[in-house]
Protein chains: 4
Amino acid sequence: MGTMLSPEILAVLERQAIEVPSWAYGNSGTRFKVYGTDGTPRDPFEKIADAAEVNRLTGLAPSVALHIPWDKVDDFGALRTYANDLGIELGTINSNTFQDDDYKFGALTHEDPSVRRKAIDHHLECVDVMDATGSRDLKIWLAEGSNYPGQADMRGRQDRLAESLAQIYARLSGDQRLMLEYKFFEPSFYHTDVPDWGTSYAQVAALGDRAKVCLDTGHHAPGTNIEFIVMQLQRLGKLGSFDFNSRFYADDDLIVGAADPFQLFRIMFEVIRGGGLDADTEIAFMLDQCHNVENKIQGQIRSVLNVQEMTARALLVDHDALVAAQRSGDVLAANAVFMDAFYTDVRGDLAQWRESRGLPADPEAAFRASDYQSRIEAERVGGVQAGWGA
Amino acid sequence: MGTMLSPEILAVLERQAIEVPSWAYGNSGTRFKVYGTDGTPRDPFEKIADAAEVNRLTGLAPSVALHIPWDKVDDFGALRTYANDLGIELGTINSNTFQDDDYKFGALTHEDPSVRRKAIDHHLECVDVMDATGSRDLKIWLAEGSNYPGQADMRGRQDRLAESLAQIYARLSGDQRLMLEYKFFEPSFYHTDVPDWGTSYAQVAALGDRAKVCLDTGHHAPGTNIEFIVMQLQRLGKLGSFDFNSRFYADDDLIVGAADPFQLFRIMFEVIRGGGLDADTEIAFMLDQCHNVENKIQGQIRSVLNVQEMTARALLVDHDALVAAQRSGDVLAANAVFMDAFYTDVRGDLAQWRESRGLPADPEAAFRASDYQSRIEAERVGGVQAGWGA
Amino acid sequence: MGTMLSPEILAVLERQAIEVPSWAYGNSGTRFKVYGTDGTPRDPFEKIADAAEVNRLTGLAPSVALHIPWDKVDDFGALRTYANDLGIELGTINSNTFQDDDYKFGALTHEDPSVRRKAIDHHLECVDVMDATGSRDLKIWLAEGSNYPGQADMRGRQDRLAESLAQIYARLSGDQRLMLEYKFFEPSFYHTDVPDWGTSYAQVAALGDRAKVCLDTGHHAPGTNIEFIVMQLQRLGKLGSFDFNSRFYADDDLIVGAADPFQLFRIMFEVIRGGGLDADTEIAFMLDQCHNVENKIQGQIRSVLNVQEMTARALLVDHDALVAAQRSGDVLAANAVFMDAFYTDVRGDLAQWRESRGLPADPEAAFRASDYQSRIEAERVGGVQAGWGA
Amino acid sequence: MGTMLSPEILAVLERQAIEVPSWAYGNSGTRFKVYGTDGTPRDPFEKIADAAEVNRLTGLAPSVALHIPWDKVDDFGALRTYANDLGIELGTINSNTFQDDDYKFGALTHEDPSVRRKAIDHHLECVDVMDATGSRDLKIWLAEGSNYPGQADMRGRQDRLAESLAQIYARLSGDQRLMLEYKFFEPSFYHTDVPDWGTSYAQVAALGDRAKVCLDTGHHAPGTNIEFIVMQLQRLGKLGSFDFNSRFYADDDLIVGAADPFQLFRIMFEVIRGGGLDADTEIAFMLDQCHNVENKIQGQIRSVLNVQEMTARALLVDHDALVAAQRSGDVLAANAVFMDAFYTDVRGDLAQWRESRGLPADPEAAFRASDYQSRIEAERVGGVQAGWGA
């Protein structure tokens, strides 16, 4: 057992779960080019198999998020059984109102009531799927906005958004929740209808207790202090979920922790500070990434490990010493306590702990050593590789 | 009378008022250097004289904002009379908790209750001043934050901020209001306690109806769509006031409209869209600028004229045509209606209208032609020029 | 004839030419969705027909840039004749090394000599096309870079880039030129091999006199003063061409002048200051835009008109007054001279001038009034609409 | 001796030297407030004493940079002797043309030849100082620029800058060098005369071999890949020196490595890749920071330790494994080699190594345990604390 990882820390790490997205296993790219790779899944079942492999090797990814209609199947019960047999659950249901020609100028915000109706109905269908899959969360990311000043009536759209969301929210039952994601820009280039946490917060606050904000770490303006938002949304009781990834510029969707590991550390520290890793936490932790040029399954393995590792480091922060230094106005002492945890190498201890739980010490090496990749490359021949359109 | 400016437009322009800040007439600069200039005011009375000159020439600036303690005088009644005699009112009272050694690590958010008490008391004193000056608004900009990760407990500070604000809010009476300004960064470089509109909104929403957000146009992350925030805060009933200025990089505090006139046009359009220029508007329009290298009085004259001119252009937008184009999804037609108003040169019509009201057609030229500047340069000799510290 | 547009100004406007890109007429979009529209060209000939229509209505777009292989035809001589018959020329040849699987990890910079050879050969083939089309310029935009720190050896790539470019440059003959475009980011998200003007400048300076920098107005970091770069590259004799477009966030590829008309004005002012609109200018002016949600032909018409209009305004700057104010350190006077030109509405004068030259006063209205769009929508049925892949 | 730090690595660390700036020990702040602290030096001798203490505890800071006129003394020989007696050298001489009223509108770029003459003469005087102090480098950071479009003729200023620099360069003798620093913005808010590495490079390339670029890590646009610039300037033979610090937003001047330790690691990796830590390196490594709210001496100690630590980590990168992964296009393997070095905790090994060399294992703790701070607080009473103006 690791010397640095106390039983209290291990108890938190033990229950840590990071949901993986089905679409991470399909092809992705930029507007310039999408590269295909051998072994890419061709249907939701194959995506789930890949997700299960990530969980099998890491013990960190017990559920997989679905995207409708990309992951639409005739029998979601069968899909659920398939997942369960592989040791994982079906998780968050993601709606999609950005790939239909009708949505060119909006969906939940559209001027035309018939388009709004269609978009609302799509979300109601998503809740039907949730009923079938046992999913708790409906996650809504809206690509809506405009490209040119004057093109759209931002105020009217905001009001229509509120009305549409209210209809969707009313359909939820039991402990089902609605997550509203915000994004600074893209695919719209002048205005976006839900561009910041404030807008998402105002909209979900108007809906009710089971509506929350989804924070995607890549969806902010340059220089934004993301951990501050994490703090604030927890304080307001409205942080519903994370979409983890990392970025250098825009919404790069790189592996979480790859661009700025210290930022991920600070985010996890603030999550812990706000109780977000407590046993009764209501925050869902998910990945939302694109593995454009790297191996997708291994990319997912590294991602969940990055979150685990930075969580472990954040748990190492000596809170008493930190608080004492903060109270005394000793800037350098407080910062030193903080940095000491970040700089501590927990990888060896985590590897030992993994082994003690019957997991590979090095899940990436285990994946590389296994025949999983070569097997799917051999098997998944023919058909159409899954991507953002399928 | 101008051919383009309809009676309806002129009715709006007639009541337009932009409050000027007393500190714009004092010296300002960067951390590297503050340049002094001949004629700079040496006390609040001289600042008010300069502000009155701006109003005399433009008819646009009927009130001046004060900054406590910079503008502290023994007898605010006398100051008020002095202002009234010059044809202007005393306006918003701005508190200052960023220049006392006690506030090095916070004021309303400080760990130490005695420092918080001092900062709260300062605000209560500001309300006393409001009672004396007849000011409606207390504007709070907080320089609080931290420079290094770990230095401060962001969550605790946010909670203490809420408590401190509640005490200040409780002191207001009648139609007095509290404005909470947000700022992306500076003077703190890691975290700022009120960094974005969402935080300001959440804090003032918890206080009550007479607490609102102050939007400073220079206080956002690069690329932020400010007019969207204008729309959203109006929609939520929480846009209390504007601090106008412009910027290319950070909080440059340049003349409003100087860096991006089209942005100012879009902001004014959205203000109008939300009813913010209606006769019963509750939004206060103010300047908050630094004239580091240019003539300060003339800089203020140009600033209020820029706001007036962009307001006039925004009022020219053909709403029916715009709505029709928006509804039909005709992107270029909608944008064209919008741009047509922006590109229309209203300066000649505004000059004519000014003359018809007994104002100089060209207030800047009138100022240059007058002996005001040479007179104050001759008179204001000796003493200490006012700056951010006085 | 317009009262404001002097014969000297009209002489400059008379010779103004803005090259349009063939790909602007095809479909484009974001990584999330590409919308198709009726009437979209299905081959290079149809793109050229659309480009010719833009020129017919504006008199501003006498040439069209081609993109290889998107615009590859069996007989470029026939394509050239087709264009000439419609009154336009074939212009810049754009290479493409970002859509072949071999280029996943680089082209001119690739570790593997055989991939570099392939990429160099592609450029040599582009020069062959130039020989056939009579084009002067080869424009090279490289999508090369990496997504993760450590993924690539940036230094080795820079050296290989120099070697590859030298081979391509050596193939040029007569007055043919090589333009190296830079871009801040995308599609690579950690490092880009030609990310800034400095890199492009250093590379082309090493090649020789006929190698220049291409400045795409959308390819800079937030806050970059683009007109400064325009000034500097002209001063260094290395500004070869412009790719015009506009952006609010990243490389949005919106209509030039749409996001910040004042910036376009400042850029054109600096072009004029540096002699870039003189009769013997070597600077090529081009559009590089995506009309994702608006009519493509009309979008191109508006784009060239925006450039013309901001050029006219920039030509109105009273240089003597400006220089005098600058020399005397009168900040506001200098700025006022500058802004006066920007705020002057030249649209009426330009319309009159157009009519005097046998062009429609309002080219956009003329396009809307014509049956061109309805005709191509009726005719261009079947086949595959052109996009970034064809 | 540490197990991870090979003799080859230790040989590099052994010769590592980071110059500290005299002004870091004086008071600094923002435009809003400069906080004074007990013990702040009151003259150049006291600054040098503090710098010597940093070197005594770390063995990393054998020289101190001076700033003229802040550090002007009657007898630089005496100052040099004083420094030498304390075990350090006088290093880079920094000129200052941003605090004299004459320079309000420029210094080396000013329209007025007499102001340019004065600014050039100031630099010649700085070279005189270099002759007296034995300094190799003259570092020039220019605050010059403009706040409003039209205010200045950017092109003329660039030409005048070239002429002024040529006169200064001509005065150098022996192995003296000229370093030209660039900065994105501040204190100018519209244009800056040396805003980017490309401009600095073009200017120093025109001067000659002994003119180089100074790269300040805080002087870039948001999102800039700084290590790419490090690579490029080394490749071009023009990287003269570093000004180390860190930032979240603008030029925050925080402790190097504090905001993004991974970025510092990447920069040091690229320095090593380019030979910048070889025994014959010509690159000077300096700090340029402001300790606004933290203890200044301890802040400097931590800063040089941060550079040392990230250098050690960067030296740990397994180059053979990295190159092999890069060549094979194995993105995740290459990134893993890179990250493994970054994540390795070298602090214990460095502490041991320090002790083996007669240095404190933990220099910060040693400083805190010493009576140095309490002693200077007691001694340095009366007089005027040094700041940016003295």
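Residues numbered from 1 in each chain as written. Chains lettered and ligands numbered in written order. Predicted model: local features only at pLDDT ≥ 70, side-chain atom pairs only at ≥ 80, totals over all residues. Heavy atoms only, no water.

As annotated in an unreviewed UniProt entry, chain A carries the name L-rhamnose isomerase and comes from Paeniglutamicibacter terrestris.

A. Inspection of the overall build of chain A at higher detail. Helices and strands together make up the secondary structure of chain A, namely 14 helices and ten strands. Looking at chain A as a whole, 68% of its 390 residues qualify as buried. For chain A, long-range pairs separated by at least 24 residues make up 79% of all intrachain contacts whose partners lie at least 6 apart in sequence. Surface summary for chain A: the accessible area is close to 11,800 Å², and the carbon and sulfur share equals 49%. One way to put it: in chain A the 37 positive side-chain charges average out to a point 2 Å from where the 59 negative ones average out. (Helix = DSSP H or I, 4+ residues; strand = E, 2+ residues; numbered from the N terminus. Buried < 20%, exposed > 50% of the residue type's maximum accessible area, 1.4 Å probe, protein only. Contact = heavy atoms within 4.5 Å. Areas by Shrake-Rupley, 256 points an atom, 1.4 Å probe, with all protein chains shown as cover. Lys, Arg positive; Asp, Glu negative; His and termini not counted. Charge placed at Lys NZ, Arg CZ, Asp CG, Glu CD.)

B. Region of interest: the sheet that holds strand 4 (residues 137–140) of chain A. Residues and elements named next belong to chain A. Read from one edge to the other, the open sheet built from eight strands follows the order 1-2-3-4-6-8-9-10, with strand pairing classed as parallel. Every interior strand has two partners, whereas the edge strands, strand 1 (20–21) and strand 10 (284–287), have only one. By the bridge criterion, two bridges tie strand 3 (residues 89–94) to strand 4 in an arrangement that is parallel. Looking at strand 4, one finds that I93 is bridged to L138. Here helix 6 (residues 197–207) sits on the sheet and contacts strand 6 (177–181) and strand 8 (211–216); the angle it forms with strand 8, its principal contact strand, is near 160 degrees. Strands strand 8 and strand 9 (239–244) of the sheet are contacted by helix 7 (residues 226–235), whose axis makes an angle of about 170 degrees with strand 8. (Pairing = 2+ DSSP bridges. Axes fitted to C-alpha atoms, helices over the stretch in contact; angles between N-to-C directions.)

C. Representation of the interface of chain D and chain B. Each partner contributes to the interface: chain D provides 41 residues, whereas chain B provides 41 residues. Carbon and sulfur atoms supply 62% of the area buried between chain D and chain B, which totals about 4,000 Å² over both sides. Between R31(D) and D253(B) there is a salt bridge; the shortest N-O distance is 2.9 Å. The interface formed by chain D and chain B includes 18 residue pairs in polar contact (both at pLDDT 80 or more). Tallied by class, residues from the side of chain D that touches chain B come to 23 nonpolar, seven polar and eleven charged. (Buried area = accessible area lost by both parts, 1.4 Å probe. Salt bridge = Lys/Arg side-chain N within 4 Å of Asp/Glu carboxyl O. Polar contact = N/O pair within 3.5 Å; in protein donor to acceptor, adjacent residues only side chain to side chain. Nonpolar A, V, L, I, M, F, W, Y, C, P; charged D, E, K, R; others polar.)

D. Structural detail: the sheet that holds strand 2 (residues 63–67) of chain B. All names here are of chain B. If you walk across this open sheet you meet the eight strands as 1-2-3-4-6-8-9-10, and the pairing is parallel. Strands with a single pairing partner mark the edges of an open sheet, and in this sheet they are strand 1 (20–21) and strand 10 (284–287). Pairing of strand 2 with strand 3 (residues 89–94) involves four bridges; the strand directions are parallel. The residue bridging S63 from the neighbouring strand is E89, located in strand 3. Each of strand 2 and strand 3 touches helix 3 (residues 76–85); the most contacted strand, strand 3, lies at about 130 degrees to it. Packing against the sheet, helix 8 (residues 261–273) makes contact with strand 9 (239–244) and strand 10, and its axis sits at approximately 160 degrees to strand 9.

E. Molecular detail of the interface of chain B and chain A. On the chain A side, the residues contacting the 53 residues of chain B number 53 residues. With both chains or domains summed, chain B and chain A bury close to 4,200 Å², and 60% of this area falls on carbon and sulfur atoms. On the chain B side of the contact with chain A, R155(B), F228(B) and R235(B) bury the most area, a combined 16% of that side's loss. Counting across the interface, chain B meets chain A through six salt bridges.

F. Local environment of the packing of helix 9 (residues 296–315) of chain B against helix 11 (residues 331–343) of chain C. The N-to-C vectors of helix 9 of chain B and helix 11 of chain C enclose an angle of 10 degrees; their axes lie 12 Å apart at closest approach. Between helix 9 of chain B and helix 11 of chain C, the crossing angle belongs to the class labelled roughly parallel. Counted together, Q298(B), G299(B), R302(B), E309(B), M310(B) and R313(B) of helix 9 of chain B and L332(C), N335(C), A336(C) and Y343(C) of helix 11 of chain C form the full contact between these two elements. Across the contact of helix 9 of chain B with helix 11 of chain C, the residue classes tally to four nonpolar, three polar and three charged. (Parallel < 35°, antiparallel > 145°, perpendicular 65-115°, else oblique.)

G. Region of interest: the relation of the copies chain B and chain A. Aligned on chain A, chain B shows an RMSD of 0.0 Å; the corresponding rotation is 180 degrees and the shift along the axis is 0.0 Å. Here the transformation between the copies is reduced to the relation of a two-fold axis. Across chain B, the smallest distance between a C-alpha and the rotation axis is recorded for G198(B), namely 2.1 Å. Residue by residue, 100% of the interface of chain B is reproduced at the interface of chain A, so both copies engage with the same surface. (Least-squares fit on C-alpha atoms with pLDDT ≥ 70 in both.)

H. Here's a closer look at the environment of R210(B). Residue and element names in this part refer to chain B. Along the chain, R210 turns up in the loop between helix 6 (197–207) and strand 8 (211–216). Classification of R210 as partly exposed rests on a relative accessible area of 28%. Separated by 41 residues in sequence, R210 and Y169 place their C-alpha atoms 8.4 Å apart. For R210, the residues in contact, after removing those within four places along its chain, are Y169, L172, S173, G174, Q176, R177 and L178.

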